[in-house]
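Here's the letter readout for the chains.
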Amino acid sequence: MSSLDKKLIYNKMKSLYSFMEYFSPKQEELFIEGMFSRQFTPGSVLLEDGFSCNNIFFILDGSIRISRISEEGREVVLYRIHRGDFCLMTAYSIMTDTDFPAIAQVEEQTEVIALPAKDFKQILQENPQLQSFIFASSLNRLKDVIGVLENITFTGIKQRLAKFLIMLANQHSSDMLKITHEQIALEIGSSREVISRTLKNLEEEGAVRLSRGRIQILSLDSLKKIVLL
């Protein structure tokens, strides 16, 4: 990547990351010299549990899923990062000198800007705006993770499934959902077998109609009643 390309990307990043407006000329030069761009296709694994973090990643475009996998092989989505986010767990690993504690998998065509750990640490020590940004991001991600844990721990599978189907219907403004049982299991922290069994139960109750790779919502009111149980 040429110096001109780096400068153009850096200026683009300043519109996404407000703390960059407060970089000193020295910090700006350090960031531009150290940064490099990486492209990832859907399904690519950016980082895995146990990987050593040598760079911190800023998301220019795309979506990355951050998740954990249990000893039984069940994956639970903790949160997602999108355009204008950065990978908080890489920052955690860099600042604590520990390995990456999760899996970061690309869900759509994604471009990230990577900054070497040593450069990130130096700027972090000198720039209070970057420190504040990381603190605020940490609180938001903690809120996301607590929400996931509360959902899994305190909410029954039928309620979680009904709530998820309602959310999808609202997002797509449609009662016909194109999604597999395995994808649902990943999103709400369950297994495919449990999801299939619960969906079959909802079908018998007349709330949904099942077909290959699709779920049609027949009674949104029935799903809402289940959520309120």
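Predicted model only: the values in this text are computed from it and were never measured.

Caption draft 1: Local environment of the pattern of salt bridges. Under the criterion given, the structure shown has 15 salt bridges. Lys-158 serves as the salt-bridge partner of Glu-205, at 2.6 Å between the closest nitrogen and oxygen. Taken together, the positions of Glu-205 in the loop between helix 8 (192-204) and strand 7 (208-211) and Lys-158 in helix 6 (residues 157-172) put the pair 47 residues apart, joining distant regions of the chain. Salt bridges sharing common partners tie together Arg-65, Glu-75, Arg-80, Glu-107 and Glu-187.

Caption draft 2: Fine view of the packing of aromatic side chains. Per the counting criterion, the structure on display carries 11 aromatic pairs. Ring centres of Tyr-17 and Phe-58 lie 5.3 Å apart, and the angle between their planes is 80°; on these two criteria the pair is classed as edge-to-face. Here Tyr-17 is found in the loop between helix 1 (3-14) and helix 2 (25-34), whereas its partner Phe-58 is found in strand 3 (residues 55-69), with 41 residues between them in sequence. Accessibility classification places Tyr-17 together with Phe-58 in one group, the buried group. Considering the side-chain rings of Phe-58 and Phe-86, the 6.0 Å spacing of their centres and the 25° angle between planes classify their relative orientation as stacked. Taken together, the residues span a long stretch of sequence, with Phe-58 in strand 3 and Phe-86 in the loop between strand 4 (75-82) and helix 3 (88-96) at a distance of 28 residues. Phe-86 matches Phe-58 in its accessibility class, with the two residues each being buried.

Caption draft 3: View of the pairing of strand 3. Counting buried residues in strand 3 gives 12 out of 15 residues, a clear majority hidden from the surface. Relative to strand 5 (residues 103-116), strand 3 runs antiparallel, the two being bridged by 11 bridges. Along strand 5, the bridge assignment pairs Ile-64 with Val-106. Summarising the sheet, strand 3 and strand 4 pair through 7 bridges and their orientation is antiparallel. Along strand 4, the bridge assignment pairs Ser-67 with Val-77. The turn linking strand 3 back onto strand 4 is made up of 5 residues, and Gly-73 within it adopts a positive phi angle of 90°.

About the thresholds
- Residues numbered from 1 in each chain as written.
- Predicted model: local features only at pLDDT ≥ 70, side-chain atom pairs only at ≥ 80, totals over all residues.
- Heavy atoms only, no water.
- Salt bridge = Lys/Arg side-chain N within 4 Å of Asp/Glu carboxyl O.
- Helix = DSSP H or I, 4+ residues; strand = E, 2+ residues; numbered from the N terminus.
- Phe/Tyr/Trp six-rings, centres within 6.5 Å; stacked < 30°, edge-to-face > 60°.
- Buried < 20%, exposed > 50% of the residue type's maximum accessible area, 1.4 Å probe, protein only.
- Pairing = 2+ DSSP bridges.

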